[in-house]
Amino acid sequence: MPLSLRATARLALTLLLAHCALLTANAQAPKTYSSSEILQGLQKLDVLGSVMYIAAHPDDENTRLLAYLANGRHLETSYLSLTRGDGGQDLIGPELREQLGVIRTQELLAARRIDGAHQFFTRANDFGFSKTSAEALSVWDHEQVLSDVVWVIRQRRPDVLITRFPPDARAGHGHHQASAILAAEAFDAAGDPKRFPEQLKFVQPWQPKRLYWNTGSFFVKPGENMDGYLNLDAGGYNALLGQSYGEIAAHSRSQHRSQGFGSAAQRGEAIEYFQFVKGTPAKTDLFEGIDQTWNRVPGGAAIGKMVDEVIRKYDASNPSASVAGLSKVYEALFRLRMGAKDLFWLDEKLTTITTLLQACSGIYVEATVNEPTLASNGEASVTYEILNRSALPIKLNKVRLTKSFFPGDRITITLDDPQLDSKQTAELSPGKRVTGTLPISGFTNALISQPYWLREPGSVGMYKFSEPESDFTSISHFVRSMPENAPVASVSFSYAVKGEPLYYFAAAPVQYKHTDPVLGELYEPLVVVPPVMVNIPAARAYVFADQQPKQVPVTLRAGQAGVAGSLALQVPSGWQAEPATVAFNLKNKDDEQTINFTLRPLAGAAEGKSELRAVATVGGQPYSRGIQTIAYPHIPTQTLFPEAVSPLVRLRVARGHTKTIGYIMGAGDEVPEALRQLGYAVTLLNPATDLTAAHLARYDAVVLGVRAYNVLDRLKTQQPELLKYVENGGTMLVQYVVNRGTVLPQIGPYPLTLSNNRITVENTPVTFGKPSVPVLTEPNRLTPQDFDQGWVQEQGLYYPSSWDAHYQPVIISHDPGEADQQSAILVAPYGKGRYIYTGLSLFRELPAGVPGAFRILANLVESNGK
């Protein structure tokens, strides 16, 4: 029976839209495939098996095992990270919290593009280091996170689940422990139709065969006999990829640059060990007893033979010769799907074949715009291109533009779409290129380019987001498991090969393409922006210790031409902003205008922390979001739209003798701005030229930024100069240093041993060991409340575990149920000056506007040995 063209088009469109929804918004040149990569893809087409690795954070995953499973065993391999890593530290810049989570999300995606696995997340927010699973599961919504894990298992249907961590204290971090607990709970719940039945409108219950823990040297005792564990060698060499799985893994793991995880390649045997947790135990292989052939699909045996034939006849010098065989597989799959009840593997493989057909046919497609941004109510023209780089005659049938969707939108898809270039039909002879244009407009929400998990306010432990409604159930719940936004728009191309009745589809995200004079051709995601953006300086808390006014600069940026309106500062009662409103008129797109407001506290201004907000009004519509670009060479450029708000702090804080401060930036932080808010004159020092005792002598105090002794090699040679500065009467404040990877063995004038000790409960009570010591009394008399009221995420980290008697502990605190820790602040007189080490998380508290943190900082930088 001949296939209905309209039916196949409808089905192909459904699969295409699902594929488009899974396209990522990251900026990359259109993907092309080598002959060996195509053969690797064909071999994977012949395997119907799936595995999922589960852990808590970006960089927890075992990239070598993922590379082996995805490329050596040809399995559909996934990594489910419960969080996006928002609560970690940042080795490459000042980004924290949500911004860091965006970076680490992209680092995971960069890693997956290398090792071949897929990436998924839950709604859990990394709220910082946790010492117990009980704390983690109480801060998270246990049931919601479990629901998300179950959802991804039901969607991806892994035969085997693998955890990185055990469910107990051996895992260390409470999030690690919780990831193993949730994996075990989800193993049972995913196959139970009574658990999370609301999901069954979109997916079916799924019971994995077994759950194993991927154990190793981190968790076993030295010399422990590993013979009782299941094991496999993940160190093999893949000739098609030209690398061993250890080499692939090193490249993949090295994408986690924000965490300092650059890795050396390992070659040769690499044994991975597994401990049984749940399900059916395996005797020799993780996947024994699981049919991973086409026989697992009813009616699939014949298709398996067809795939085997395509592989057998594959000619690496002429991949287009495989198109005829792949077309037969494609048609057979379509026919089988029409009467099938279980569509999972059929749809998976139809998507795979679509990609292989494009690769073998030499079809190159792209869709670009000539500007990187488009206003939400604006219009643009998309230029598309399709090129036939094979010897096959190709017929282009239709070109269609599909826009992304926003939560709350209703998605209705028809075959007759106005954003369709149906007139663009052409014969694509070998080497022929066809171009055209399509209009793009009609974005009704200015936040469509905001990372979807940041569009709505969440909680400390959970992100919150809504999902769109759709006529296609396979699309409407993609958002829950997508690692990032779909592209703003994509262009699909319908084409036929050799006049066959079936049409195939290729898709390209709409991107901004430009040429850099140094880097060459570059691609960036098209970003939808508000008509006007309102920026307040990032990470700045405005601090008022007296009645003196301060300037608040607000920068407006036009998302489109001809934006006019008014700008105002919204401040709490007891504060005055002048002028009350300012008119603006931005004539050209991307024009900027900075407006300075004068802000002062009045007599009725309450002490403590509040908030100011900048609001632009255009045509009666308020806009209060700015634009933030995160650009690093190892990830695609990311664009965020943060609220135009800043902490507003009214407090009593005094400055003593210190007036000038030299700041040595480490990994990156916003502490210099906090010092300026307190009235200090701050100079950022150049480690290459400024770290001599003679140069440092001009400053009353010298402050080293977070992780300076981890990232600044210059400190190896200049440490004696820094200590000479202290000896001559200077104050030197060193902020936290990670206990591994320091550039020299001792960071102070006397021995101290760094550790991973920390206080994770941010508001844990503090007591003073010696309340009269100068660092607690001058120039401000500190109270225990300065150290715990309003603090965020943690109190401190990387506290020394032991120290020389010259160091004087200052404060005492502990997490619930633990022993006292006394090394949050260590002060050592040295010569005429003083050396201070602090693990207090000032780098978080100051940008958050925590009043006590400013008072503490003023005391820590006090000079003259006080």
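Residues numbered from 1 in each chain as written. Predicted model: local features only at pLDDT ≥ 70, side-chain atom pairs only at ≥ 80, totals over all residues. Heavy atoms only, no water.

Some details on the overall build of the chain
This is how the line gets drawn: To qualify as a helix, a DSSP run of H or I must reach at least 4 residues; to qualify as a strand, a run of E must reach at least 2; elements of each kind are numbered from the N terminus. The globule rule used for comparison is 2.2 Å times the number of residues to the exponent 0.38, while the radius of gyration itself is calculated over C-alpha atoms. Burial classes follow relative accessibility: with a 1.4 Å probe on protein chains only, a residue under 20% of its type's maximum area counts as buried, one over 50% as exposed, and anything between as partly exposed. The contact rule is simple, with two residues in contact once any of their heavy atoms fall within 4.5 Å.
Along its length, the chain carries 20 helices and 46 strands. By the compact-globule yardstick of 29 Å for 866 residues, the chain fits well, its C-alpha radius of gyration being 30 Å. In terms of overall dimensions, the chain has a C-alpha envelope of 90 × 75 × 55 Å along the principal axes. The proportion of buried residues among the 866 residues of the chain is 58%. Taking all contacts inside the chain whose residues are at least 6 apart in sequence as the whole, residues at least 24 apart take part in 76%.

Observations concerning the confidence of the model for the chain
This is how the line gets drawn: Think of pLDDT as the predictor's per-residue confidence, scored from 0 to 100.
Looking at the chain, the pLDDT average stands at 90 and 92% of residues meet or exceed 70. Predicted confidence is poor over residues 1-5, with pLDDT under 50, and the contacts of this stretch with residues over four places away or in other chains come to 10 contacts. Counting contacts from residues 407-418, a segment whose pLDDT is below 50, to residues more than four positions away or on other chains yields 35 contacts.

What about the side chain of Asn214?
Counted only if it meets this: Any pair of N or O atoms that falls within 3.5 Å is considered a polar contact. Within protein, one atom must be able to donate a hydrogen and the other to accept it, and sequence-neighbouring residues count only if both atoms are side-chain atoms.
Summarising the element assignment, Asn214 is placed in strand β5 (residues 210-215). Owing to a relative accessible area of 0%, Asn214 belongs among the buried residues under this scheme. Side chain to side chain, Asn214 and Asn62 meet in a polar contact 3.0 Å long. Within the local environment of Asn214, its side chain forms a polar contact with the backbone oxygen of Tyr273, the two atoms lying 3.1 Å apart.

Points about the sheet that holds strand β34 (residues 660-664)
This is how the line gets drawn: Strands are labelled as partners when DSSP assigns at least two bridges between them. What counts as an axis is a line fitted to C-alpha atoms, over the stretch in contact for a helix, and the angles between N-to-C directions run from 0 to 180 degrees.
Strand order across the open sheet formed by seven strands is β35-β34-β36-β37-β46-β45-β43, with mixed pairing between neighbours. Taken across any chain shown, the strands that pair with only one partner, and hence form the sheet edges, are β35 (681-684) and β43 (808-809). Bridge count between β43 and strand β45 (residues 825-830): two bridges; the pairing is antiparallel. Following the sheet pairing, Gln808 is matched in β45 by Val827. Its contacts with the sheet place helix α20 (residues 851-860) against β37 (731-734), β45 and β46 (833-838), and it is angled at close to 145° to β46.

Considerations on the pattern of salt bridges
What counts, and what does not: Every case where a carboxyl oxygen of Asp or Glu lies within 4 Å of a side-chain nitrogen of Lys or Arg is listed as a salt bridge.
By the definition in use, this model includes 33 salt bridges. Residue Arg64 is joined to Glu272 by a salt bridge in which the shortest nitrogen-to-oxygen separation is 2.8 Å. Linking Arg64 in helix α3 (residues 63-72) with Glu272 in strand β9 (residues 271-279), this pair joins segments that are 208 residues apart in sequence. The pair Arg64 / Glu272 is uniform in exposure class, with both members buried.

A closer look at the packing of aromatic side chains
Let me state the cut-off plainly: In this scheme Phe, Tyr and Trp rings, the latter by its six-membered ring, pair at centre separations within 6.5 Å, and the angle between planes marks the pair as stacked below 30 degrees, edge-to-face above 60, and tilted otherwise. Consider the ring centre and the ring normal. A charge sits over the ring if Lys NZ or Arg CZ is within 6 Å of that centre and within 35 degrees of that normal.
Scanning the model with the defined rule gives 19 aromatic pairs in all. Here the aromatic rings of Tyr750 and Tyr807 are separated by 6.1 Å at their centres, their planes lie at 85°, and the arrangement is edge-to-face. Of this pair, Tyr750 sits in the loop between β37 and β38 (752-753) while Tyr807 is found in the loop between β42 (802-803) and β43, placing the two residues 57 residues apart along the sequence. A single burial state applies to Tyr750 and to Tyr807, both of which are buried. A connected cluster of aromatic rings, assembled from ring pairs, spans Tyr330, Phe334, Tyr495 and Tyr504. The ring of Phe121 carries the charged tip of Arg84 above its face, separated from the ring centre by 4.1 Å. Lying over the aromatic face of Phe129, Arg758 brings its terminal NZ or CZ to 4.3 Å of the ring centre.

Digging into the environment of Ser35
Secondary-structure assignment places Ser35 in helix α2 (residues 35-45). Each C-alpha atom, one on Ser35 and one on Asp291, is 28 Å from the other, the two residues being 256 residues apart in sequence. Residues in contact with Ser35, not counting those within four places in the same chain, are Tyr314, Ala316 and Pro319. Side-chain polar atoms of Ser35 contact the backbone oxygen of Ala316, separated by 2.5 Å.

As for unusual backbone geometry
Of the consecutive residues Glu578 and Pro579, the connecting peptide bond is found in the cis state with omega at -5°. Relative to the elements of secondary structure, Pro579 occurs in the loop between β26 (575-578) and β27 (581-586). Residue Glu778 is joined to Pro779 through a cis peptide bond whose omega torsion reads -5°. Take Pro779: it is sitting in the loop between α18 (774-777) and β41 (796-799).

Re the packing of helix α6 (residues 142-156) against helix α7 (residues 174-189)
Rules: The scheme is simple: roughly parallel for angles under 35 degrees, roughly antiparallel for over 145, roughly perpendicular for 65 to 115, oblique for anything else. Whether a crossing is left-handed or right-handed is set by the direction in which the near helix is turned from the far one by less than a right angle, anticlockwise for left-handed and clockwise for right-handed.
At their nearest, the axes of α6 and α7 sit 9 Å apart, and the two run at 60° to each other. Looking at the two axes, α6 sits oblique to α7. For α6 against α7, the interelement crossing comes out right-handed. Of the residues in α7, those in contact with His142, Val145, Leu146, Val149, Val150, Ile153 and Arg154 of α6 are Leu182, Glu185, Ala186 and Ala189.

A closer look at the sheet that holds strand β1 (residues 50-55)
Sheet architecture is open: seven strands sit in the order β3-β2-β1-β4-β5-β9-β6, paired in mixed fashion. At either margin of the open sheet sits one strand with a lone partner, and together these are β3 (118-121) and β6 (230-233). Averaged over all adjacent pairs, the angle separating strand axes in this sheet is 30°, with direction ignored.

Brief notes about the pairing of β5
Put simply, the rule reads: When the strands point away from the viewer, a crossover counts as right-handed if the path from the first strand over the helix to the second runs clockwise.
The buried fraction of β5 amounts to six of the six residues, a majority that puts the element mostly inside the structure. Covered by surrounding structure in β5 are Arg210, Tyr212 and Asn214 together with Leu211, Trp213 and Thr215, the residues of both alternating faces. For strand β4 (residues 160-163) and β5, the ladder comprises four bridges, and the chain directions are parallel. Bridged to Thr163 within β5 is Trp213. Since β4 and β5 lie parallel, the crossover through α7 that links them has a hand, and here it is right-handed. Examined bridge by bridge, β5 and β9 share six bridges and lie antiparallel to one another. Opposite Thr215, over in β9, you have Tyr273 as the bridge partner.

Some points on the environment of Thr425
By secondary structure assignment, the location of Thr425 is in the loop between β14 (410-411) and β15 (426-428). Distance from Thr425 to Tyr495, taken between C-alpha atoms, is 9.1 Å for residues 70 residues apart in sequence. Not counting chain neighbours up to four residues away, the residues in contact with Thr425 comprise Leu396 and Asn397.

Some points on the pairing of strand β13 (residues 394-403)
Judged from the three bridges that link them, β13 and β15 form a sheet pairing that is antiparallel. Residue pairing in the sheet places Ile394 in a bridge with Leu428 of β15. Of the pairings in the sheet, the one linking β13 to strand β18 (residues 489-497) comprises nine bridges and is antiparallel in character. By the bridge assignment, Ile394 is partnered in β18 with Val497.

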